[in-house]
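# Commentary on secondary and tertiary structure
Here is how the chains run, residue by residue.
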Amino acid sequence: MNLRHLLTALLISIIGTAQAETVYISNYFLAKKLEEIVPGCMEDRELNTECSDLSFITTLNIDDRSLLEIVDDEDYSYLHEGNLNGLQYLTELKSLTISINIDNLGANEEEFPLKLETVSLRATKSEYTKLEYGELLSLWVGGLPNSVKTLKLYSGDYTFDNLSYVNVSKGPNQLEELFEQGICNSGLGSVWPSTLKKYSQNYTYNWDFDFSNTQIEELNITVGVWYLGNGEFSKEIDSSNPISNLIFPSTAKKFKLEFNLNNISDEEIIPPTNFFKLNEGLEELVLFYCELNLLPDLPSSLKKFEITNSIFDDQLRLNDGLETLKIIGSELSELPPNLPASLKNIDVSNNLLDFMPNLPGQLNSLNISKNSEIKCLPSLPTTLTTLDI
């Protein structure tokens, strides 16, 4: 290379360096995280947006608790700025987790990379949270890119004096999996995207679910219930029992329903459940802490039926084709005389059984422990590999 070409190359390099774009990262914790993972791209909280190292970041976890040692004696509750500006320059980011436990954090849709696929947002109070009586700890997001397929929202550790809240004002329209815990709002309202395949909600008080226009395959619901005494429960569980309002599409394959009981010292007190019709095509049904006055008719497609710590007075009717039967701690006194020949796994531990009917010829595992009245067993099939008595 001659001198002229060398000087030209140096000049272009100098001009390129001088014109490198930078952005100030106002969010203290985002800045500290970027300094940790891409130190060559950060200087005095200024991010070089053209830094090549940014394109190698595919996963990011911003947890302010992990950065407490950096804070020293600063006022922890005022370190959050209300945006995530700068995050959008991590153009190859696929998975993002944000956990805050102080004040409020907000972010707009344009602050998120366009290739995001999994987003987890958590707002939880801690010993460092400095809130006055009645104040709200919130994590607010204006919107997420439509590339997001999995969205998980968490809020918790709240009392009647202070609440933590997660809100996504505009949900992605290609979402496939949604999880909500505590006081959350996905921004989807009652209009679920047709792409939704899995929905989980922990401590729900909302039963306005209509999944009939979705491709939902798996539904997991945990209901927070407060016992009021004298056999009465909080208003979430009343005589009308809104659980029966659930509408399933034909695509549903797995359903789990659990009541999480609060303020109950008598374990035998279980909220009543008026069940709804199960769709043909369902393969797994799992129930925890339910009082079932009327067991639902099991669809012929069901492969797994599990009941734990529940009460039911109705006659147990099992479908042909069932492969796994689990009824645990549910005061079961008898099994049907003719068990489905398709059964491969049976767990009826911690019940009131005093007799076992003939066992299916293809059975692989049997658990009848904690049934103290059983004196003998029928012939065991040669396929059995696990026996717990």
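Throughout what follows, the structure given in this document is the object of discussion. These numbers come from a predicted model, not from an experiment.

## Some remarks on the overall build of the protein chain
Scanning the protein chain from N- to C-terminus turns up 3 helices and 25 strands. Here the protein chain holds 389 residues, and the buried ones make up 48% of them. Considering only residue pairs separated by 6 or more positions, the protein chain has 44% of its internal contacts joining residues 24 or more positions apart. Accessible surface computed for the protein chain: about 19,600 Å², of which carbon and sulfur atoms make up 47%.

## Focus: the nonpolar core
If you look at the biggest cluster of nonpolar residues, it comprises 84 residues, and the most contacted ones within it are Phe112, Leu121, Leu285, Phe305, Leu335 and Met356. Per element, the largest residue contribution to this core is 5 residues, and it comes from helix α2 (residues 28-37). Discounting residues that sit within four places of it in the chain, Phe305 has contacts with Leu285, Leu298, Leu316, Leu318, Leu322, Thr324, Leu325 and Lys326.

## Describing the pattern of salt bridges
Scanning the entire structure with this criterion turns up 8 salt bridges. A salt bridge links Lys198 to Glu177, with the nearest nitrogen and oxygen atoms 3.8 Å apart. Taken together, the residues Lys198 in strand β13 (residues 198-204) and Glu177 in strand β11 (residues 177-181) connect sequence positions 21 residues apart. Lys198 sits in the partly exposed class, given a relative accessible area of 26%. We classify Glu177 as partly exposed; its relative accessible area is 22%. In this structure, a network of salt bridges that share partners links the residues Glu92, Lys94 and Lys115.

## Focus: the state of the cysteines
One covalent bond between the sulfur atoms of two cysteine residues makes up a disulfide. Enumeration over the complete set of coordinates arrives at 1 disulfide. Here Cys41 connects covalently by a disulfide to Cys51, the sulfurs 2.0 Å from one another. Sign of the S-S torsion, about -60 degrees for the bond between Cys41 and Cys51, identifies this disulfide as left-handed. Note that Cys41 is positioned in the loop between α2 and β2 (42-43) and Cys51 in the loop between β3 (46-48) and β4 (59-63), a separation of 10 residues in sequence. Across the pair, exposure class does not vary: Cys41 and Cys51 are buried alike.

## Describing the side chain of Gln88
On the secondary structure map, Gln88 appears in the loop between α3 (68-71) and β5 (95-100). At 2.9 Å, the side chain of Gln88 forms a polar contact with the side chain of Asn85. Within the structure, the side chain of Gln88 is placed 2.8 Å from the backbone nitrogen of Gly86, a separation counted as a polar contact. Discounting residues that sit within four places of it in the chain, Gln88 has contacts with Glu110, Glu111, Phe112 and Pro113.

## Quick look at the packing of aromatic side chains
With the rule as written, the count across this model stands at 2 aromatic pairs. Considering the side-chain rings of Tyr28 and Phe29, the 5.3 Å spacing of their centres and the 80 degrees angle between planes classify their relative orientation as edge-to-face. Assigned by exposure class, Tyr28 and Phe29 land together as buried. Judged by centre distance (5.2 Å) and plane angle (45 degrees), the ring pair of Tyr154 and Phe179 falls under tilted. You can see Tyr154 sitting in strand β9 (residues 150-156) and its partner Phe179 sitting in strand β11, a full 25 residues away along the chain. Taking relative accessible area as the criterion, Tyr154 reaches 14% and is therefore assigned buried. Under the relative-accessibility criterion, Phe179 is labelled buried at 18%. Sitting over the face of the ring of Tyr154, Arg122 holds its NZ or CZ atom 4.0 Å from the ring centroid.

## Some thoughts on the sheet that holds β2
Ordered by their spatial adjacency, 3 strands build an open sheet running β1-β3-β2, and the pairing between neighbours is antiparallel. The sheet is open, and its two edges are formed by β1 (22-24) and β2, each paired on a single side. The pairing of β2 with β3 spans 2 bridges and is antiparallel. By the bridge assignment, Glu43 is partnered in β3 with Glu46.

## Thoughts on unusual backbone geometry
The general pattern is negative phi for most residues beyond glycine and trans for most peptide bonds. Phi is positive for Glu331, close to 60 degrees, though the residue is something other than glycine. Looking at where Glu331 falls in the secondary structure, it is placed in the loop between β22 (324-328) and β23 (345-347). Classification of Glu331 as partly exposed rests on a relative accessible area of 45%. You will see that Asn350, though not glycine, has its phi angle at about 60 degrees, which is positive. Judged by its relative accessible area of 40%, Asn350 falls in the partly exposed class.

## Focus on the environment of Ala31
Within the secondary structure layout, Ala31 lies in helix α2. Residue Ala31 is classed as buried on the basis of its relative accessible area, which comes to 1%. Residues Ala31 and Asp44, 13 residues apart in the sequence, show an inter-C-alpha distance of 9.1 Å. The contacts of Ala31, once residues within four sequence positions are left out, are Ile25, Met42 and Arg45.

## Remarks on the side chain of Thr150
Summarising the element assignment, Thr150 is placed in strand β9. Taking relative accessible area as the criterion, Thr150 reaches 15% and is therefore assigned buried. Ignoring any residue separated from it by four or fewer positions in sequence, one finds Thr150 in contact with Glu117, Thr118, Val119, Leu175 and Glu177.

Rules used throughout
- Residues numbered from 1 in each chain as written.
- Predicted model: local features only at pLDDT ≥ 70, side-chain atom pairs only at ≥ 80, totals over all residues.
- Heavy atoms only, no water.
- Helix = DSSP H or I, 4+ residues; strand = E, 2+ residues; numbered from the N terminus.
- Buried < 20%, exposed > 50% of the residue type's maximum accessible area, 1.4 Å probe, protein only.
- Contact = heavy atoms within 4.5 Å.
- Areas by Shrake-Rupley, 256 points an atom, 1.4 Å probe, with all protein chains shown as cover.
- Core = buried A, V, L, I, M, F, W, Y, C linked by side-chain atoms within 4.5 Å.
- Salt bridge = Lys/Arg side-chain N within 4 Å of Asp/Glu carboxyl O.
- Disulfide = S-S within 2.5 Å.
- Polar contact = N/O pair within 3.5 Å; in protein donor to acceptor, adjacent residues only side chain to side chain.
- Phe/Tyr/Trp six-rings, centres within 6.5 Å; stacked < 30°, edge-to-face > 60°.
- Lys NZ or Arg CZ within 6 Å of the ring centre and 35° of its normal.
- Pairing = 2+ DSSP bridges.

In short, the description is geometric, and any link to function would need to be established separately.
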